[in-house]
Amino acid sequence: MSEETKKITITINDRELKADPGETVLQVAHRSGINIPHLCYLKDINEIAACRLCVAEVEVNGRRMRGLPATCVLKVEDGMVVRTNTKAVRKAVRFNLELILANHDMNCPTCVRNGTCELQKLARERGVEGVRFGGIKRAVTIDELSPSIVRDSSKCILCGRCVSTCEKIQGLGVLAFTNRGFNTEVGPAFDFSMRDVNCIYCGQCIEACPVAALRERRYIDDVWDAIDDPDKVVVVQTAPAVRASLGEEFGYPIGTPVTGKMTAALRHIGFDYVFDTNFAADLTISEEATELLHRITTGGVLPMITSCSPGWIRYCEMYHPDFLPNLSTCKSPQNMMGAIIKSYFADVMDIDPETIVVVSIMPCTSKKSEAIREEMEVDGLRDVDYSLTTRELGDMIKQAGIDFDTLEDEHPDSVLGDYTGAAVIFGTTGGVMEAALRTAADVLTGEDLPSFEYEAVRGMEGIKQASVTVPLGGVPTELKVVVCSSVKHAGEVLDAVRKGELSCHFIEVMACPGGCIHGGGQSYVSSTERMSTDPRLARADALYSEDERQVLRKSHQNPELIELIDKFLGAPNSDVAHKYLHTHYAPRPFYAQKEFGECDD
Amino acid sequence: MTRTSHCKTIADNDPRYEELRSFIHSHESKDGIAMTALQEAQNLFGYLPLEVHKFISKETGVPIAELYGVTTFYSQFNTEPQGQHQIQICMGTACYVKGAQKVLDKVVETLGVEVGMTTPDQLFTLNAARCLGCCGLAPVMMIDDDVYANLDNVSEIPAILDRYRKDTK
């Protein structure tokens, strides 16, 4: 709607502004360039007026509203007069910040969110120069048992953004407000560790957290140790979505592609070989498209469902174990890459695979748990030794003293360095499906089809459906596909399949809304930025534009992949491929209990 | 503290689960079912351990953590087994000035448990109440639905408690 057609006029700080009915004062102020501080507000997800920082003096029909209402939940009314910069408001904001800080650990210089913390920023901006309230602080819980997520109640400000995100976006409800009053704590039930509950480690709670109460478990120093060890050959791989967000760690606009600089930075850090997980994305397509066609032609279990997203795998294992036979047996690109580095690459380069340390840079916190899954190894060698997030890579680059801005673009090393446009788009919802369709259509027709962009599977909708007609055994056959992102949507799709309301051949699931570009390991986007930007759109654009810049845009055309199949695998889905590139799944209990009568405590 | 496991105290085949299931499904709407289901479960089991939370979560679709949030918010819900008899000692203003602390101390001494705890024989759970609403009878103690008024002489208390011991036998 244009400015002129907005029906309501309100005044904020003496400026007349047009607004739509139903808008909140906070929204109108934000798009008019008036900053109202807020901590608990997260657009469309958490609007609960809890932090009391977005307060203002408000008059309606010439009558002053009682107290200072919270603008995040205050709907505009015609003739409303709002003042956000008065003595009373400034005092209240400062006072409320002080009260929040009184129960916060305030170890800012040594905190991972130093510089990205929304509370720290507001305290500075709003002139809080001390906290007058000493006294008792809430009892502290630090849960570091999970391989992916650390929960630290000493930093929690009880804003509830994580609680709402987990419930509304993922439909899981891992975290809730427990206990009462002064003892209120956000956490799972019965003091369980996040490791042992229904958490899929997607890290959307970390993205939602304004402070460091939820953060990734970090492995930076382990990686430095490996790099410093002269007997180790440290090989790094970077996932497709990382390049679309890493620039944000250095102040670039959201979604600035920094592929070449990232590769250069990794060499400067001291990694011995720099590869792109994109190579393994092409390999995944080669394996997965073959598996799909095999299932279709031999009456195998359908629909087949993608297995790249470890958060999705955990969710399926916990909530839908009846669909485990539908999961592609393909390992994720992260683990395929690791397995190939320690076998084929080691062999070609004549390196003892025992000395190789594989580090992956992922947009994901769940990848850390995938890396340590028991079955993710071949002949006793772990596929991936350490998995870091985009944010951790940003920190490593800073720790190494590298001036990211001035880096010249570089290319990955050879043997496993080529990748196609199809691999790049793996990082966004619909990307795996599109890549698979590009290859499947070519393989089935035996042609290099000129039309291979599948618009129907693109975009940020939670559930997308498409179909493509391909010749199967000479008969034109409609291949039906479904793409969904967030496990909440995945659950809806599976329920529909189970009830027979939805029938299809192939389903792509990514655990995070929008796919890996919005993974729990990506650069932080503050709640204020989220009011005017959907970071997913710019990051997806970064990937689609890199796809367009590639000469080769279909996975099966990757020259180094063709060589790998020729020299090592023999063929897709061969016995060798199964040994290194495929895996299995098992139902996963949560909130496990000892049986009745087996208890001794 | 972070737990990694928890013991079941109620058998999976306990018939009370069926009662709870029919109670939950007798409600047409699942909106707001959490509190009602927890109340019914506490009536049936006497307390709300993890396995009961898991059962309610499965039947209602409300996440376990959210149910636990409700359970731990209201002091009327218990996650640990309760004694057969609930002792409530009024600590309201009137009772307090009339010597409620002495009453409480005597009960603590007699039973050997602190406020909020249950005796090892599972007979009594001791609680301090904010106000029982009968200030004219201060100081007051309630055991289940029985009111004991004007407890100026705390030496009567062991005999009162003994009655419940006998009743149970």
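Just so you know, these numbers come straight off a predicted model, no measurement behind them. (Residues numbered from 1 in each chain as written. Chains lettered and ligands numbered in written order. Predicted model: local features only at pLDDT ≥ 70, side-chain atom pairs only at ≥ 80, totals over all residues. Heavy atoms only, no water.)

Turning next to the overall build of chain A. Within chain A one finds 19 helices and 21 strands. Whereas a compact globule of 601 residues would reach a radius of gyration of roughly 25 Å, chain A reaches 25 Å, a difference of no more than 12%. Overall, the C-alpha framework of chain A stretches about 80 × 65 × 55 Å when taken along its three principal axes. Counting over 601 residues, chain A shows a buried share of 61%. Within chain A, contacts between residues separated by at least 24 positions form 74% of all contacts whose residues are at least 6 apart in sequence. Only carbon and sulfur atoms are counted for the fraction: they give 50% of the accessible area of chain A, which is about 23,500 Å². Here chain A holds 63 positive side-chain charges and 88 negative ones, and the gap between their average locations is 11 Å. (Helix = DSSP H or I, 4+ residues; strand = E, 2+ residues; numbered from the N terminus. Rg over C-alpha atoms; globule rule 2.2 N^0.38 Å. Buried < 20%, exposed > 50% of the residue type's maximum accessible area, 1.4 Å probe, protein only. Contact = heavy atoms within 4.5 Å. Areas by Shrake-Rupley, 256 points an atom, 1.4 Å probe, with all protein chains shown as cover. Lys, Arg positive; Asp, Glu negative; His and termini not counted. Charge placed at Lys NZ, Arg CZ, Asp CG, Glu CD.)

Within the structure shown, the criterion is met by 18 aromatic pairs over all chains. Taking the centre distance of 4.9 Å and the plane angle of 80° together, the rings of Phe73(B) and Tyr74(B) count as edge-to-face. The lysine or arginine in question, Lys398(A), covers the ring of Phe250(A), its NZ or CZ lying 5.4 Å from the ring centre. (Phe/Tyr/Trp six-rings, centres within 6.5 Å; stacked < 30°, edge-to-face > 60°. Lys NZ or Arg CZ within 6 Å of the ring centre and 35° of its normal.)

The next subject is the domain arrangement of chain A. Residues and elements named next belong to chain A. Domains assigned within chain A are domain 1 (3-97), domain 2 (103-128 + 138-216) and domain 3 (220-581). Contact residues are listed per partner, giving eight residues for domain 1 and five residues for domain 3. Among the residues domain 1 hides against domain 3, the three largest losses belong to His30, His38 and Lys43. Together they make up 63% of the total. Linking domain 1 to domain 3 there are zero salt bridges. (Domains from an automatic or database assignment. Buried area = accessible area lost by both parts, 1.4 Å probe. Salt bridge = Lys/Arg side-chain N within 4 Å of Asp/Glu carboxyl O.)

For the rest of this paragraph, the subject is helix 7 (residues 259-269) of chain A. All names here are of chain A. Within helix 7, nine of the 11 residues are buried, leaving the element largely enclosed by the surrounding structure. For helix 7, the set of buried residues is Thr259, Gly260, Lys261, Met262, Thr263, Ala264, Ala265, Leu266 and Ile269. Against helix 6 (220-228), strand 11 (233-238), strand 12 (273-276), helix 12 (390-399) and helix 17 (535-549) lie the buried residues of helix 7.

Moving on, we come to the packing of helix 8 (residues 277-298) of chain A against helix 10 (residues 333-349) of chain A. Residue and element names in this part refer to chain A. Packing of helix 8 against helix 10 leaves a shortest axis separation of 8 Å and a crossing angle of 100°. Judged by the angle between their axes, helix 8 and helix 10 are roughly perpendicular. Together, Thr277, Phe279, Ala280, Ala281, Leu283, Thr284 and Glu287 of helix 8 and Pro333, Gln334, Met336, Met337 and Ile340 of helix 10 make up the contact between the two elements. Within the contact of helix 8 with helix 10, the residues separate by chemical class into eight nonpolar, three polar and one charged. (Axes fitted to C-alpha atoms, helices over the stretch in contact; angles between N-to-C directions. Parallel < 35°, antiparallel > 145°, perpendicular 65-115°, else oblique. Nonpolar A, V, L, I, M, F, W, Y, C, P; charged D, E, K, R; others polar.)

Next up on the list: the confidence of the model for chain B. Mean pLDDT over chain B works out to 91, with 95% of the residues at or above the 70 mark. The least confident element of chain B, judged by mean pLDDT, is strand 1 (residues 6-7) of chain B at 82; the most confident is helix 4 (residues 64-73) of chain B at 97. (pLDDT = per-residue confidence, 0-100.)

Residues and elements named next belong to chain B. The four strands lie next to each other as 3-2-4-5, forming an open sheet whose pairing is mixed. Single-partner strands in this sheet number two, and they are strand 3 (124-129) and strand 5 (146-148). Across this sheet, the average inter-strand angle for adjacent strands is 20°, counted without regard to direction. Sheet topology note: the strand 4 (residues 141-143)/strand 5 ladder contains three bridges and is antiparallel. Bridge pairing in strand 5 places Met141 opposite Tyr148. Each of strand 2 (85-90), strand 3 and strand 4 is contacted by helix 6 (residues 100-111), which is oriented at about 150° to strand 2, the strand it contacts most. (Pairing = 2+ DSSP bridges.)

To continue, consider the pairing of strand 2 (residues 15-19) of chain A. Residues and elements named next belong to chain A. Bridging between strand 1 (residues 8-12) and strand 2 involves five bridges; their strand directions are antiparallel. Looking at the pairing, Ile12 lines up with Arg15 of strand 2. Count of turn residues in the strand 1/strand 2 antiparallel hairpin: two residues, of which Asn13 carries a positive phi of about 50°.

A few words now on the domain arrangement of chain B. Once the domains are mapped, chain B shows domain 1 (16-73) and domain 2 (85-168). Placing a centre on the C-alpha atoms of domain 1 of chain B and another on those of domain 2 of chain B gives a separation of 31 Å.

Moving on, we get to the interface of chain B and chain A. Taken together, the contact pairs 28 residues of chain B with 33 residues of chain A. Across the chain B to chain A interface the summed buried area is about 2,500 Å²; carbon plus sulfur atoms make up 59%. Seen at the junction of chain B and chain A, the total is one salt bridge. Lys8(B) serves as the salt-bridge partner of Glu595(A), at 3.0 Å between the closest nitrogen and oxygen. Between chain B and chain A we count six residue pairs in polar contact (both at pLDDT 80 or more) in total. Secondary-structure elements contributing two or more residues to the side of chain B that touches chain A are strand 1, helix 3 (50-60) and helix 4 of chain B. In terms of residue count, helix 4 of chain B provides more of the side of chain B that touches chain A than any other element does, seven residues in total. As paired elements, strand 21 (residues 593-594) of chain A and strand 1 of chain B share two bridges and run parallel to each other. Its bridge partner lying in strand 1 of chain B, Lys594(A) is registered against Cys7(B). (Polar contact = N/O pair within 3.5 Å; in protein donor to acceptor, adjacent residues only side chain to side chain.)

This part takes up a nonpolar patch on the surface. All names here are of chain B. Together, Met35, Phe73 and Tyr74 give the surface a local cluster of nonpolar side chains, amounting to about 230 Å² of exposed area. Counting through the fold element by element, Phe73 comes out in helix 4. With relative accessibility at 34%, the residue Phe73 sits in the partly exposed group. (Patch = residues over 30% accessible without salt bridge, like charges linked within 9 Å, V, L, I, M, F, W, Y side chains within 5 Å.)

We now examine the sheet that holds strand 2 of chain A. All names here are of chain A. The sheet built from five strands is open, its strands ordered 2-1-5-3-4 with mixed pairing. Only two strands of the sheet have a single partner each, and these edge strands are strand 2 and strand 4 (63-64). In this structure, strand 3 (residues 57-60) lies alongside strand 4, joined through two bridges in antiparallel fashion. Looking at strand 4, one finds that Val60 is bridged to Arg63.

All names here are of chain B. Here Glu109 shows up in helix 6. Judged by its relative accessible area of 57%, Glu109 is exposed. Along the sequence, Glu109 and Tyr148 sit 39 residues apart, while their C-alpha atoms lie 18 Å from each other.

Residue and element names in this part refer to chain A. Going through the model one piece at a time under the given rule, you end up with 48 salt bridges over all chains. The residue Arg243 makes a salt bridge to Asp276 at a minimum N-O spacing of 2.7 Å. One end of the pair, Arg243, is in the loop between strand 11 and helix 7; the other, Asp276, is in strand 12, with 33 residues separating them in the sequence. Arg243 gets classed as buried once you look at its relative accessible area, which sits at 1%. Residue classification places Asp276 among the buried residues on the basis of a relative accessible area of 2%.

This part covers helix 15 (residues 487-499) of chain A. All names here are of chain A. Spanning 13 residues, helix 15 covers 18 Å between terminal C-alpha atoms, matching the ideal 18 Å at 1.5 Å per step. Looking only at helix 15, the buried set comprises Val487, Ala490, Gly491, Val493, Leu494, Ala496 and Val497. The inward-facing, buried residues of helix 15 contact strand 13 (304-305), helix 9 (310-319), strand 18 (463-472), strand 19 (475-485) and strand 20 (506-510). Taken from the residues just after helix 15, Gly500 is the one with a positive phi, measuring 80°. (Expected span 1.5 Å × (residues − 1).)

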